[in-house]
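The residues making up each chain are set out below.
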Amino acid sequence: MTHMRSHTQERRYFIVTAVCTVLSAALYCSWPLGFWLNPMASRTGLASELGAFGQPYNWVFIWGDIVSGALLAGAVIALIRLYNLRGWARLALTLLALYGVCGALDAALPMRCLPSEQVCGPVLRDPLLILHGIFDLTGSGALIGTLGAAAVYVRVCHREWLAWIYAIGIGGTLFALISGIFYLWGGPGYWAQRYYITLS
């Protein structure tokens, strides 16, 4: 009876964690809302400009990213404790949590200029833009590290999942190439960045 109750509690704990993760992903991909809430910035600017200081409904995108990061970090902590993870699995999830925290911190410091309109001036002279750059680079590095650590963990402990990891890696590479093509080719709304956001 105790074992069954423990198993039931574990299952409920896992479901709550999964729901938090899905909500985190949905909130982080809030940029399509910009086409209704802020059409001008959506057509011509970076996704992060939707949360810039003075933009209409910027609080939707700011708090969406903050709550997304908090939910992801919370889900990671819960999974690590639930399954007592160690080694590469723990590293992969920790890096994923770092990615979420970087996104939340990036959103918590709204931009005060719009790079797409070239009114920001030199990046190195603006401490806020430097911070945004640090958060973005750290988050991107953490996301790449997550995939790498997960690949090592699966190769060592769960080889039956290896095909899924390779599929995600190949898909991510193709997605990045498509994003690069759109970035070089041009087009409205910095689509390359938005493809990356949706992928991550």
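Refer to the structure above for everything that follows.
Colleague: What is the right way to look at the overall build of the protein in this model?
Modeller: The helix and strand tally for the protein stands at eight helices and zero strands. Starting at the N terminus and walking to the C terminus, you meet the elements of the protein as α-α-α-α-α-α-α-α. Burial statistics for the protein: of 200 residues in total, 32% are counted as buried. Per element, the accessible surface of the protein, about 12500 Å² overall, is 71% carbon and sulfur.

Colleague: Just checking my understanding: could you explain unusual backbone geometry for this structure?
Modeller: The phi torsion of most residues other than glycine is negative, and most of the peptide bonds are trans. The phi dihedral of Y57 is positive, around 60°, even though this residue is not glycine. With phi around 50°, N84 is a residue other than glycine that occupies positive phi space. With respect to the secondary-structure elements, N84 resides in the loop between helix 4 (58–83) and helix 5 (87–108).

Colleague: I'm lost on the packing of helix 4 against helix 5 in this one. Help?
Modeller: Where helix 4 contacts helix 5, the two axes come as close as 8 Å, and the packing angle between them is 160°. When the interaxial angle is binned, helix 4 and helix 5 end up roughly antiparallel. Taken as a pair, helix 4 and helix 5 cross one another with a handedness that is left-handed. Note on element contacts: helix 5 touches helix 4 through R90, L93, T94, L96, A97, Y99, G100, V101, G103, A104, A107 and A108, opposite I62, D65, I66, G69, L72, A73, V76, L79 and I80. Here the contact of helix 4 with helix 5 is built from residues that sort into 15 nonpolar, four polar and two charged.

Criteria and cut-off values
Residues numbered from 1 in each chain as written. Predicted model: local features only at pLDDT ≥ 70, side-chain atom pairs only at ≥ 80, totals over all residues. Heavy atoms only, no water. Helix = DSSP H or I, 4+ residues; strand = E, 2+ residues; numbered from the N terminus. Buried < 20%, exposed > 50% of the residue type's maximum accessible area, 1.4 Å probe, protein only. Areas by Shrake-Rupley, 256 points an atom, 1.4 Å probe, with all protein chains shown as cover. Axes fitted to C-alpha atoms, helices over the stretch in contact; angles between N-to-C directions. Parallel < 35°, antiparallel > 145°, perpendicular 65-115°, else oblique. Left-handed = near helix turned anticlockwise from the far one by under 90°. Contact = heavy atoms within 4.5 Å. Nonpolar A, V, L, I, M, F, W, Y, C, P; charged D, E, K, R; others polar.

Nothing here speaks to function; it is all geometry.
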